[in-house]
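# Architecture at a glance
Read off the chains here:
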Amino acid sequence: AQSVTQPDIHITVSEGASLELRCNYSYGATPYLFWYVQSPGQGLQLLLKYFSGDTLVQGIKGFEAEFKRSQSSFNLRKPSVHWSDAAEYFCAVGAGSGGGADGLTFGKGTHLIIQP
Amino acid sequence: GAGVSQSPSNKVTEKGKDVELRCDPISGHTALYWYRQSLGQGLEFLIYFQGNSAPDKSGLPSDRFSAERTGGSVSTLTIQRTQQEDSAVYLCASRGRGAEADTQYFGPGTRLTVL
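Note that this is a predicted model, so its numbers are computed, not measured. Residue positions within a chain follow its written sequence, with the count starting from 1. Throughout, the order in which chains and ligands are written sets their labels, letters from A for the former and numbers from 1 for the latter. This being a predicted model, a pLDDT of at least 70 is required before a residue's local features are given, and a value of 80 or more before pairs of side-chain atoms are given or counted; all residues contribute to the totals for chains, interfaces and linings. Computation of side-chain values: all heavy atoms of the structure, hydrogens and water removed.

We call a set of buried residues a nonpolar core when its members are Ala, Val, Leu, Ile, Met, Phe, Trp, Tyr or Cys and they connect through side-chain atoms within 4.5 Å of each other. Relative accessibility decides the category of a residue: with a 1.4 Å probe and only protein chains considered, values under 20% of the type maximum give buried, values over 50% give exposed, and everything between is partly exposed. Ranked by size, the top nonpolar core spans 26 residues in total, and within it A:Leu19, A:Trp35, A:Leu47, A:Leu48, A:Phe74, A:Leu76 and A:Tyr89 carry the most contacts. Helix and strand assignments come from DSSP, with helices taken as H or I runs of at least 4 residues and strands as E runs of at least 2, each series counted from the N terminus. At the level of elements, β2 (10-14), β3 (19-21), β5 (32-38), β6 (44-50), β8 (64-68), β9 (73-78), β10 (87-94) and β12 (110-115) of chain A are the ones that each hand at least two residues to this core. If we skip the residues at most four places from it in the chain, A:Leu76 touches A:Leu19, A:Glu20, A:Leu21, A:Trp35, A:Leu47, A:Leu48, A:Phe63, A:Glu64, A:Ala65 and A:Tyr89. B:Leu46, B:Leu77, B:Leu112 and B:Val114 belong to the second largest nonpolar core, which has 20 residues in total. In this description, contact between two residues means that some pair of their heavy atoms is separated by no more than 4.5 Å.

Written out as structure tokens, the structure reads:
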């Protein structure tokens, strides 16, 4: 069965500092990987996705993620965070490009706190 | 364009009552998903609809949960005889075809509180 681990429940970063959120996955085939962000009271917004090709993918809001097959990781990065980045971040894996018939499997999420 | 919409945004009910949650997918999207987000379990996949095909109900947490999709568009998730452990945010997502076939777009969710 597929699974996603986000080891950090909370992360606190100073505004302007760099950010890396960790994600490890377990999946038997080629994974389709996603990062979503959820602000309080909001639904999930897609930041970026990886299906194949270049292992460094660019997303919205200045985020990027790097797929490392050897480490089963898909870590999310941003060079300089803004206070508006404070939110919950979810990594997800799916079968097929859109999650297929089994939906997406999500990690537990990482709560990002931005210090002024 | 309009995104996925869900109603109501909040629902408070008493234990034992039935509730209906509605999802309007993005126009033209053929695939629709329901998820449940709770503190203890995180985000769980519940059920998937592809067009008008009968869904696989094996992901539903109990037989008190049912879902339907009328005309391949609007979907309703029904919970009968609600229990306190049903309290959660219920999220709906839709996925399109072609260039939009690889991404699920989520609605804002319905927060269900069972007293």
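On to empty space enclosed by the protein, then. Residue and element names in this part refer to chain A. Here a cavity means grid points, on a 1 Å grid over the protein atoms only, where a 1.4 Å probe fits yet cannot get out; a pocket means an open set of points with protein on both sides within 12 Å along at least five of seven lines; lining residues are those with an atom within 4 Å of a point. Grid points are joined across faces, edges and corners, and a volume is the space filled by probe spheres set on the points. In this structure the tally under the stated criterion is one cavity of 30 Å³ or more. Here the largest cavity is characterised by a volume of approximately 40 Å³. Along the walls of the largest cavity sit Val 37, Ser 39, Lys 61, Phe 63, Ser 84, Asp 85, Ala 87 and Tyr 89, which together make up its complete lining. Its residues assigned to classes, the lining of the largest cavity comprises four nonpolar, two polar and two charged. Basically, the charged four are Asp, Glu, Lys and Arg, the nonpolar ten are Ala, Val, Leu, Ile, Met, Phe, Trp, Tyr, Cys and Pro, and anything else, Gly included, counts as polar.

Here we take up the pattern of salt bridges. Opposite charge on two side chains makes pairing possible when the charged atoms of those side chains draw close. All names here are of chain A. The salt bridge criterion pairs a side-chain nitrogen of Lys or Arg with a carboxyl oxygen of Asp or Glu, the two atoms within 4 Å. By the definition in use, this model includes eight salt bridges over all chains. The shortest N-O distance in the salt bridge between Glu 64 and Arg 77 comes to 3.2 Å. Here Arg 77 lies in strand β9 and Glu 64 lies in strand β8, a separation of 13 residues in the sequence. For Arg 77, a relative accessible area of 23% gives the class partly exposed. With its nearest N and O atoms 2.8 Å apart, the salt bridge here joins Asp 85 to Lys 78. The class for Asp 85 is buried, based on a relative accessible area of 3%.

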